[in-house]
Amino acid sequence: MKSTVFAGILLMSSIVAAESPKTALVIHGGAGVITRAQLSAEDQAGYEKALNAALDAGNAILQRGGSAREAVIASVTVLEDSPLFNAGKGAVYNAEGGHELDASIMEGHTSKAGAVAGVRTIKNPILLAEAVMQHSPHVLLAGEGAEHFADTRKEIVRVAPEYFDTEHRHKQLLKAQAEERQTASNDLKGKYFGTVGAVALDRNGHIAAATSTGGMTNKRWSRIGDSPIIGAGTYANEQCGVSGTGWGEFFIRAAVAHDICARMKYRGDSLAQAAEEVLLKVVPEMGGDGGAIALDRDGNVSLPFNTEGMYRGWIKPSGERGVAIFKD
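Going along each chain's sequence as written, the residues are numbered from 1 onward. Since the coordinates come from a predicted model, pLDDT governs what is reported: local features require at least 70, and pairs of side-chain atoms require 80 or more to be given and counted, while whole-chain, interface and lining totals use all residues. To obtain the side-chain values, all non-hydrogen atoms of the structure were included, while hydrogens and water were left out.

## Digging into the sheet that holds strand E12 (residues 321-326)
Short version of the rule: Pairing between strands requires that DSSP locate at least two bridges from one strand to the other. Helix and strand assignments follow DSSP, with helices taken as H or I runs no shorter than four residues and strands as E runs no shorter than two, numbered in order from the N terminus. A fitted line through C-alpha atoms serves as each axis, taken over the contacting stretch for helices, and the angle formed by two N-to-C directions is quoted from 0 to 180°. We call two residues in contact whenever any of their non-hydrogen atoms come within 4.5 Å of each other.
One open sheet holds the eight strands; their spatial order is E4-E3-E2-E6-E5-E1-E11-E12, and the pairing between them is mixed. This sheet does not close on itself; its edge strands, each paired only once, are strand E4 (140-142) and E12. Strand after strand, the sheet turns through a mean of 10° between neighbouring axes, direction not considered. The strands that helix H4 (residues 125-135) touches are strand E2 (101-107), strand E3 (113-119), E4 and strand E6 (207-213); relative to E3, the one it contacts most, it runs at about 135°.

## Structural notes on the sheet that holds strand E9 (residues 290-296)
Taken together, the four strands give an open sheet; going across it, the order is E7-E8-E9-E10, and neighbouring strands pair in antiparallel fashion. At either end of the open sheet lies a strand with only one pairing partner, and these are strand E7 (234-236) and strand E10 (301-302). The pairing of E9 with E10 spans two bridges and is antiparallel. Residue Leu-295 lies in a different strand from E10, and its bridge partner there is Val-301. Here helix H8 (residues 256-267) sits on the sheet and contacts E7, strand E8 (240-246) and E9; the angle it forms with E8, its principal contact strand, is near 145°. Contacts between helix H9 (residues 271-286) and the sheet are confined to E8, E9 and E10, with E9 contributing the most and set at about 165° to the helix.

## Quick look at H8
The following threshold applies: Take the residue count of a helix, subtract one, and multiply by 1.5 Å to get its expected span. Think of it in three bands: residues with accessible area under 20% of the maximum for their type are buried, residues over 50% are exposed, and the middle band is partly exposed, with areas taken using a 1.4 Å probe on protein chains only.
With twelve residues, H8 extends 16 Å from end C-alpha to end C-alpha; this agrees with the ideal 16 Å at 1.5 Å per step. Along H8, the positions that sit buried rather than exposed are Val-256, Ala-257, Asp-259, Ile-260, Cys-261, Ala-262, Arg-263 and Met-264. On its buried face, H8 sits against E7, E8, helix H7 (248-253), H9 and E9. Trailing H8 by a residue or two, Gly-268 shows a phi angle of about 80°, which is positive.

## Focus: the pairing of E9
For E9, a buried count of seven out of seven residues is recorded, marking the element as mostly surrounded by other parts of the structure. What you see with E9 is no split at all: Gly-290, Ala-292, Ala-294 and Asp-296 on one side and Gly-291, Ile-293 and Leu-295 on the other are buried throughout. Looking at chain direction, E8 and E9 are connected through seven bridges and run antiparallel. By the bridge assignment for E9, Val-242 is matched with Ala-294. Linking E9 to E10, which pair antiparallel, is a turn of four residues; within it Gly-299 sits at a positive phi near 85°.

Pasting the structure below:
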């Protein structure tokens with residue numbers, strides 16, 4: 001009798017485990033020309049620590065039953081607060097020596113989205129993007145208008161523009177400007193990396209994606225890349241979520257984030273097939289480069305990039321977890 005009861009308990013436990021809702025989380029801190037020779041062991045450890053902190057923040061929300069939207073915001077906020085990445089605190093300088101930040105977020109099951117572009121005094125642009133999604137009739141607000149909207153939301157923290165100043169980003173600006181003077185070239189290659197992003201799957205099977213960036217070093221004329229453009233740098237539907245990082249002009253032209261999800265929806269591609277074809281074939285053939293993180297409603301993960309490295313991290317439904325920078 002006891003053995004029968006015990007067997008029944010084991011059976012019920014296995015059924016519950018099999019039916020437990022899946023959660024998953026993927027993040028990135030940008031793709032680019034990152035070589036082992038350029039990255040000291042100390043610096044690599046610093047990046048890995050920051051990526052793990054972002055995973056911890058988002059996963060804690062998912063594990064207590066929070067939404068995918070809340071999870072990606074938590075992860076991206078951690079990355080925005082780190083000076084290591086080109087978003088928030090670590091944003092690059094524009095040609096005038098200032099900072100212009102962009103961010104976007106989208107929920108797959110509601111198709112709701114919010115974005116901001118060219119903001120200069122918003123500590124965490126991803127929070128303002130969410131506020132646009134949740135509390136305005138619009139999708140994308142830019143510049144001073146976005147900051148005026150921020151003043152209507154008590155939860156949005158404004159900072160002095162100098163908050164975003166960092167020594168290593170200033171050195172990057174001076175180097176880029178010196179190279180520009182020497183070559184008289186408009187070549188943008190390698191000046192646009194470090195964007196951050198996250199995609200999450202929650203217990204309800206809902207997906208959300210978010211992206212945040214400081215844009216391109218030495219950018220002019222309030223240039224805006226793909227990060228705040230829904231369908232280019234960020235996209236989510238009920239089946240798929242994507243956040244991109246790379247040469248934004250090409251991600252806009254190819255509608256990279258949307259194209260990955262569309263290939264799954266309309267052609268029946270797997271997540272890996274769709275993401276790899278877009279990032280490893282479509283974008284390079286156009287002349288661009290970069291990477292993306294993608295996640296589907298079954299918890300499958302794809303992290304393709306055609307550059308030397310991409311700061312990335314993942315927690316799969318199985319509990320498998322990792323962070324990485326290089327291809328191997």
